[in-house]
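So the chains spell out like this:
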Amino acid sequence: MAAPINEMWPRNKATKTGPGDKVAPGNVSCGPRRFDTANCVVTKQSFSKGQHYWEVYVGLKPRWNLGVVSELAERRGKLIQMKSSQKGSAEVCTEGYWLIGYNKQKAGKPYWAFDTNPMAFDCSSHPEIIGVYLDYAGGEVTFYNADDPGNLTPLYSFYNADFRSAPVYPVFDPCWHDNGGNEQPLTIM
């Protein structure tokens, strides 16, 4: 299910965030599976066993997030929030998401991995195609630089992901359009 302001393209293979006036509020259901503040799109296809691989063209988008989300994950409210503890404040991602993201505006380390604790990771190249490998039984989600199909380069892996025997779905977040500065789509290849 897409957020109300996301635009879907032919054959539901691409998504981008629209300016907010493309969908009349009455035309979108507000069920618990719909994102209310995040611009995420979740596929209809879920996985609860086996190994799966797909690729997403991110091109030169200045901001995006993608990965997998559990059927049990909360979709209401912000995905990444500031939480306070005795050790100070920190960003925390909602449980049940295994994502990587890119934000060109984050100087030095624009690539981030998100499960419950977001963290920056090094990526020397700037891939335009991201491969996503899911091993459901093994609890693994691995992201690849898939620009060269003959030489997939691992970018980041989540091992021991606890899917809690619930189906997981590919999820895509094209992020806000930034007044036209981030309007390129994410495209499933």
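Note: the structure precedes this text.
Quick summary incoming for the structure in this document. Since the structure is predicted, the reported quantities are computational estimates derived from the model, not experimental observations.

Overview of the side chain of Ser-70
Now for step 1: Here Ser-70 shows up in strand S5 (residues 63-70).
Now for step 2: Judged by its relative accessible area of 4%, Ser-70 falls in the buried class.
Now for step 3: Among the polar contacts listed, one links the side chain of Ser-70 to the backbone nitrogen of Leu-72, at a separation of 3.0 Å.

Focus on the pairing of strand S9 (residues 111-114)
Now for step 1: Because side chains alternate across S9, one face comprises the buried residues Tyr-111 and Ala-113, and the other comprises Trp-112 and Phe-114, equally buried.
Now for step 2: Across 4 bridges, strand S8 (residues 97-103) lies against S9 in antiparallel orientation. Following the sheet pairing, Leu-99 is matched in S9 by Phe-114.
Now for step 3: Sheet analysis places S9 next to strand S10 (residues 119-120), joined by 2 bridges and oriented antiparallel. Along S10, the bridge assignment pairs Trp-112 with Ala-120.
Now for step 4: Between S9 and S10, which follow one another and run antiparallel, lie 4 residues.

Considerations on the pattern of salt bridges
Now for step 1: With the rule as written, the count across this model stands at 2 salt bridges.
Now for step 2: The shortest N-O distance in the salt bridge between Asp-122 and Lys-109 comes to 3.0 Å. One end of the pair, Asp-122, is in the loop between S10 and strand S11 (129-135); the other, Lys-109, is in the loop between S8 and S9, with 13 residues separating them in the sequence.
Now for step 3: Residue Asp-122 is classed as exposed on the basis of its relative accessible area of 60%.
Now for step 4: Classification of Lys-109 by relative accessible area gives partly exposed; the value is 36%.
Now for step 5: When the shortest N-O distance is used, the salt bridge between Asp-162 and Arg-164 registers 3.9 Å.

Reading the values: rules and limits
- Residues numbered from 1 in each chain as written.
- Predicted model: local features only at pLDDT ≥ 70, side-chain atom pairs only at ≥ 80, totals over all residues.
- Heavy atoms only, no water.
- Helix = DSSP H or I, 4+ residues; strand = E, 2+ residues; numbered from the N terminus.
- Buried < 20%, exposed > 50% of the residue type's maximum accessible area, 1.4 Å probe, protein only.
- Polar contact = N/O pair within 3.5 Å; in protein donor to acceptor, adjacent residues only side chain to side chain.
- Pairing = 2+ DSSP bridges.
- Salt bridge = Lys/Arg side-chain N within 4 Å of Asp/Glu carboxyl O.

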